[in-house]
Amino acid sequence: MDLSFTPEQEAFRAEARAWLEANVPSVSRGTGPLPSLDTPEGFEAHRAWERLMFENRWSVVSWPQRYGGRGLGVMEWLVFEEEYWRSGAPLRVGQNGIFLLAPTLLEFGTPEQRERFLPPMASAEEVWCQGWSEPDAGSDLAGIRSRADRRGSDGWVLNGQKTWCSRGAYADWLFGLFRSDPDTERHRGLTYFLVPMDAPGVTVRPIAQLDGEPGFAEVFFDDVEVPVDQVLGEPGQGWEVAMATAGSERGLNLRSPARYTVAANRLVELWSEVASRDRDLAAMHADAVASAWIDAEAYRLATYAAATRLASGGKAGSEASMNKIFWSETDLAIHATALALLGAEAELLSEEGRPGDWMDGYLFSLAGPIYAGTNEIQRNVVAERVLGLPR
Amino acid sequence: MRLGPDLDQQELAGAFRSFCDKECSAQHIRDAWDGDRGWSTERWKRLAEIGVLGVRVPEAYGGMGLSDFEMALIAEEAGRMALPEPLVDTAAVGAGLLDDLDRLVGWPPAPGWLERVASGDAVVAVGTLDSSVASPGILVHAAGEADLVLLAAPDAIWALDPADCVTEVRRGLDGTRRFARVDLGSSRALPVVSGEQVRSISVAVTDRGATATAAMLVGLGAGMLDMAVSYAGQRRQFGRQIGSFQAVKHQLADVAVRVEFARPAVWRAAASGASGDATASRDASVAKALASQAALLASRTALQVHGAVGYTSECDLHLWAKRAWSLASAWGDVTFHRRRVLASLVPDPAPPLQGQAQPMDTFRADRGALL
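Analysis parameters
- Residues numbered from 1 in each chain as written.
- Chains lettered and ligands numbered in written order.
- Predicted model: local features only at pLDDT ≥ 70, side-chain atom pairs only at ≥ 80, totals over all residues.
- Helix = DSSP H or I, 4+ residues; strand = E, 2+ residues; numbered from the N terminus.
- Rg over C-alpha atoms; globule rule 2.2 N^0.38 Å.
- Buried ≥ 20, exposed ≤ 12 C-beta atoms within 10 Å, placed from the backbone.
- Contact = placed C-beta atoms within 7 Å.
- Domains from an automatic or database assignment.
- Nonpolar A, V, L, I, M, F, W, Y, C, P; charged D, E, K, R; others polar.
- Axes fitted to C-alpha atoms, helices over the stretch in contact; angles between N-to-C directions.
- Parallel < 35°, antiparallel > 145°, perpendicular 65-115°, else oblique.
- Pairing = 2+ DSSP bridges.
- Expected span 1.5 Å × (residues − 1).
- pLDDT = per-residue confidence, 0-100.
- Core = buried A, V, L, I, M, F, W, Y, C linked by C-beta atoms within 7 Å.

Q: Teacher, can you tell me more about the overall build of chain B here?
A: Across its full length, chain B holds twelve helices and nine strands. At 20 Å, chain B has a C-alpha radius of gyration in line with the 21 Å of a compact globule built from 371 residues. With the C-alpha coordinates of chain B rotated into their principal frame, the extents come out at 70 × 50 × 45 Å. For chain B, the proportion of its 371 residues judged to be buried stands at 59%.

Spelled out as structure tokens, the structure:
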């Protein structure tokens, strides 16, 4: 056991903290907070923030240097994430690309694909959305029906419909699963495609989420032509490639613990404020506040333990499903407890009609048990693949 | 940053697991229930022979000279097999307190109790008091079978002969756990050490008790999960294994999640206790709250999955479940430790948390979290 960071890691932390403190959009500098990233102006503001980070090599610290990263390890990435969330920096508009698609590209992509797609992804010049769910294929993802048909030797034609694509209203590219062999069923015969959203035949219909902003889109494909070099992995290998992405989505890539430890610390501050003016109210919720903080701490420690295993050559596996259940429920508990402390104050909208921070976070946390495979699917995965219960 | 056991530590835990597999079957636990003291003096000797009782006794006193961290790994394995012996009391909390007293205040003069602990010659029981004002008849686990009873108050520590302070011994619901009523009032002994210097030693007693017990609870939770998974794979209803039903799967998955997320917190607490980190008390409380919660959920779920057979004393499950119920409140229950964590996070303990002084009365914890 060694719970300390190396001098190099501490120096890296200090460098990250200093840069973030000087650059994060903030009220005091008149540069923040940024408008919601689900609005057109907010999306562009978030894109500009990503570009600034990229120019200073902060957007993807764990990537190889040639693609815009610093070639750092998982521990350094965790350190950066701690500083990122601590600084109050904005949500990452490029998260679907940099946290989900990028690890998959690094594992399955050709050298040409990596050169082509990774740098503009890191700079948010190209923002990605995910095209997996369909109207009749959500939890039962293997039931997708959108088709990919081979046309000649150098291309494919896509037809069908994807839905609930987060940030799909504004994204530049989509990574999605299509059925490429009509004679197959379920997990076989699927292919993983990279599709530009401005390709002829792509139609986007934005969908308002719970907060009223168009955070979702449904995407229609009508004879959309895609060249063969925009297939990720082999044709027919789509399910395997997608599960690598899903592992990143459920595991620590997408949801580093700092996000929750920062929110849990804010919850304790809120509780402390309440306690100074309403002792009974604070006493009523003390247990819930402590429990939420403890769970965030448990997630942080479990992540360090997982990173320790990875650093000694272990591989991430089905435990990603355990992570997903744990962080999503922790996030909900943190925000629900804050709303309980705030009462009706938490419901008030701003003049622009936006929910306050805690309500906004609560609405976001409600999505956690649904996206990236519902928690019911995750419990099936844990029960069958970790515990070995019968299917 | 390295959070988790290294190869040597994994080997140590693995060797102890093999020992428990051989020497501590469910039948052995049942035999222990039927015995006079709730555990086996023969197995205690063998625990000494393989070095487990001296894990955190310094080498100079015949121990292995390892830390609370290795002790936690051992305690988790002991929990997995529901080992009946008072391992946590003697080898973790007792040896830890004796070691602190030896290093910090030079008590006891060597050769003394630490050698006897490592060699299996002494059972040590430890209890804590809110204050040095003699409290009548607190319950201390294993004090009836002990050779030495240590009592820790915030400003004083007593080392007592059980003959001088134990007024009665009672069986607990878990047949391996016997509780002694210890009456400091009737004992004329003076504390072996008192004053401000005691505070950090006393706090460490609570932290070590909470951490080692948390480790045992993680093992108990994992053990009960294994039992329930195995039963769900055998038992058939409606023409299929009940483990194939999602209503059963999801409950067991939730247990797996709570157990898995408690374990790294126990490692953290044991490591920060061993190195005297500033956050040691909070880390211990985080671990104990998580581990108690996990083991209680495991016991509740395992019982439900077993159905009526789990509600019998013929089924082995109750041997694990009753231990978990007892240990979940020993050294502070979920609510106590949540409050202790919250109090550590706010600079000025706010009114609702005042009075959560440490250490604590070991068994005066409500059992509201049980079911």
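Q: Sorry if this is basic, but what is going on with the overall build of chain A here?
A: Scanning chain A from terminus to terminus reveals eleven helices and eight strands. Relative to its length of 391 residues, chain A is compact, with a C-alpha radius of gyration of 21 Å against a globular reference of 21 Å. Seen along its three principal axes, the alpha-carbon backbone of chain A occupies a region of about 70 × 55 × 45 Å.

Q: Would you explain the environment of B:E77 in this entry?
A: All names here are of chain B. As for its placement among the helices and strands, E77 is situated in helix α4 (residues 68-80). For E77, a count of 26 C-beta atoms within 10 Å gives the class buried. When residues no more than four places from it in sequence are discounted, the contact partners of E77 are A13, F16, R17, C20 and G219.

Q: What's the story with the domain arrangement of chain A in this structure? I'm lost.
A: Frequently, the measure chosen for interface size is the accessible area that the parts lose on association. All names here are of chain A. Along its sequence, chain A is organised into domain 1 (7-93), domain 2 (128-236) and domain 3 (251-386). Between the C-alpha centres of domain 1 and domain 2 the distance comes to 30 Å. When the residues that make up the side of domain 1 that touches domain 2 are grouped by side-chain class, the tally is three nonpolar, two polar and one charged.

Q: For this particular structure, what's the right way to read the packing of helix α9 (residues 319-342) of chain A against helix α9 (residues 246-274) of chain B?
A: Helix-helix packing is described using two parameters, namely the angle between the two axes and the distance between the axes. Put simply, α9(A) and α9(B) touch, their axes get as near as 10 Å, and they point 90° apart. As the angle between them shows, α9(A) and α9(B) are arranged roughly perpendicular. On α9(B), the residues that touch A:M322, A:I325 and A:F326 of α9(A) are B:A256, B:V257, B:E260 and B:F261. Split by residue class, the contact of α9(A) with α9(B) holds six nonpolar, no polar and one charged.

Q: Looking at this model, I keep getting lost on the sheet that holds strand β3 (residues 148-153) of chain B. Mind explaining?
A: Sheet strands pair via backbone hydrogen bonds, and the direction of the pair is either parallel or antiparallel. Residues and elements named next belong to chain B. Taken together, four strands build an open sheet; the order of strands is β1-β3-β4-β7 and the sheet is mixed. Edge strands, defined here as strands with exactly one partner in the open sheet, are β1 (124-128) and β7 (193-194). Bridging between β3 and strand β4 (residues 156-160) involves five bridges; their strand directions are antiparallel. Within the sheet, the bridge partner assigned to A153 lies in β4 and is A156. Contacts from helix α5 (residues 87-105) reach β1, β3 and β7 within the one sheet, and its direction differs from that of β1 by about 75°.

Q: Could you clarify how one ought to interpret the interface of chain A and chain B in this entry?
A: Counting residues at the interface gives 43 residues for chain A, matched by 40 residues for chain B. Counting only elements with at least two residues in the side of chain A that touches chain B, the list comes to α7 (258-277), α8 (279-311), α9 and α11 (375-386) of chain A. Looking at side-chain class alone, the side of chain A that touches chain B contains 28 nonpolar, seven polar and eight charged residues.

Q: What should I look at first to understand the sheet that holds strand β5 (residues 166-171) of chain B in this one?
A: Residue and element names in this part refer to chain B. Judged by pairing direction, the sheet is antiparallel, and its three strands sit side by side in the order β2-β6-β5 without closing on themselves. Unpaired on one side and paired on the other, β2 (138-141) and β5 mark the two borders of the sheet. Each neighbouring strand pair of the sheet contributes to a mean axis angle of 30°, computed without reference to strand direction. Two strands pair when backbone bridges link them, and β2 and strand β6 (residues 178-182) are joined in this way by four bridges, in the antiparallel orientation. In the sheet register, L139 faces β6, and the bridge partner there is R181.

Q: I keep staring at the pairing of β1(B) and nothing clicks. Help me out?
A: Here is the key point about a regular strand: its side chains alternate between the two faces of the sheet. Residue and element names in this part refer to chain B. Judged by how many residues are buried, β1 sits mostly within the fold: five of five residues are covered. By the alternation rule, side chains of β1 split into V124, V126 and T128 and A125 and G127, which are all buried. Inspection of the sheet shows β1 paired to β3 by five bridges, in the parallel sense. Bridge pairing links G127 to L151 in β3.

Q: Help me understand α4(B) in this model?
A: For an α-helix, the turn length of 3.6 residues means that residues three or four places apart are oriented alike. Taking 1.5 Å of rise per residue, the 13 residues of α4(B) would be expected to cover 18 Å, and the 18 Å separating its terminal C-alpha atoms lies within 8% of that figure. B:A82, located one to two residues past α4(B), shows a positive phi value of around 50°.

Q: Would you mind going over the confidence of the model for chain B with me for this structure?
A: Caution applies to low-pLDDT parts of the model: their predicted coordinates are not meant to be read in detail. Residue and element names in this part refer to chain B. Mean pLDDT over chain B: 91, with 91% of residues reaching 70 or higher. A low-confidence stretch, residues 355-371 (pLDDT under 50), is modelled with 47 contacts involving residues beyond four sequence positions or located in other chains. Interface predicted TM-score (ipTM) for the complex: 0.94; the corresponding pTM is 0.95.

Q: Honestly, the nonpolar core in this entry has me stumped. Any pointers?
A: Here is a general trend for soluble globular proteins: nonpolar side chains tend to be buried in one another's company. All names here are of chain B. Judged by nonpolar contacts, the single largest core of 239 residues is most densely connected at L252 and V266. Residue contributions to this core peak at 20 residues, all from helix α8 (residues 198-234). When residues no more than four places from it in sequence are discounted, the contact partners of V266 are A72, T211, A214, A215, V218, A287 and A291.

Q: Would you explain unusual backbone geometry in this entry?
A: Negative phi values dominate among residues other than glycine, just as trans dominates among peptide bonds. Residue and element names in this part refer to chain A. For the bond from G32 to P33, the omega torsion is -5°, close enough to zero to count as cis. If you trace the backbone, P33 turns up in the loop between α1 (7-23) and α2 (40-55). For R57, which is not glycine, the phi torsion reads 60° and is therefore positive. Checked against the element boundaries, R57 lands in the loop between α2 and α3 (74-86). Non-glycine residue W164 carries a positive phi angle of around 55°. Following the sequence through the fold, W164 ends up in the loop between β3 (155-162) and β4 (173-179). A residue is classified by how many C-beta atoms lie within 10 Å of it, and W164, with 22 of them, is buried.

Q: Sorry, what's going on with the packing of α4(B) against α9(B) here?
A: All names here are of chain B. Between α4 and α9, the shortest axis-to-axis distance is 7 Å and the interhelical angle comes to 150°. Listed contacts from α9 to D68, F69, M71 and A72 of α4 are V266, W267, A270, A271, G273 and A274. Along the lines of polarity and charge, the residues of the contact of α4 with α9 split into eight nonpolar, one polar and one charged.

Q: Honestly, the environment of B:R339 in this entry has me stumped. Any pointers?
A: Looking at where B:R339 falls in the secondary structure, it is placed in helix α12 (residues 334-345). Between the C-alpha atom of B:R339 and that of B:A289, which follows or precedes it by 50 residues, the distance is 9.8 Å.

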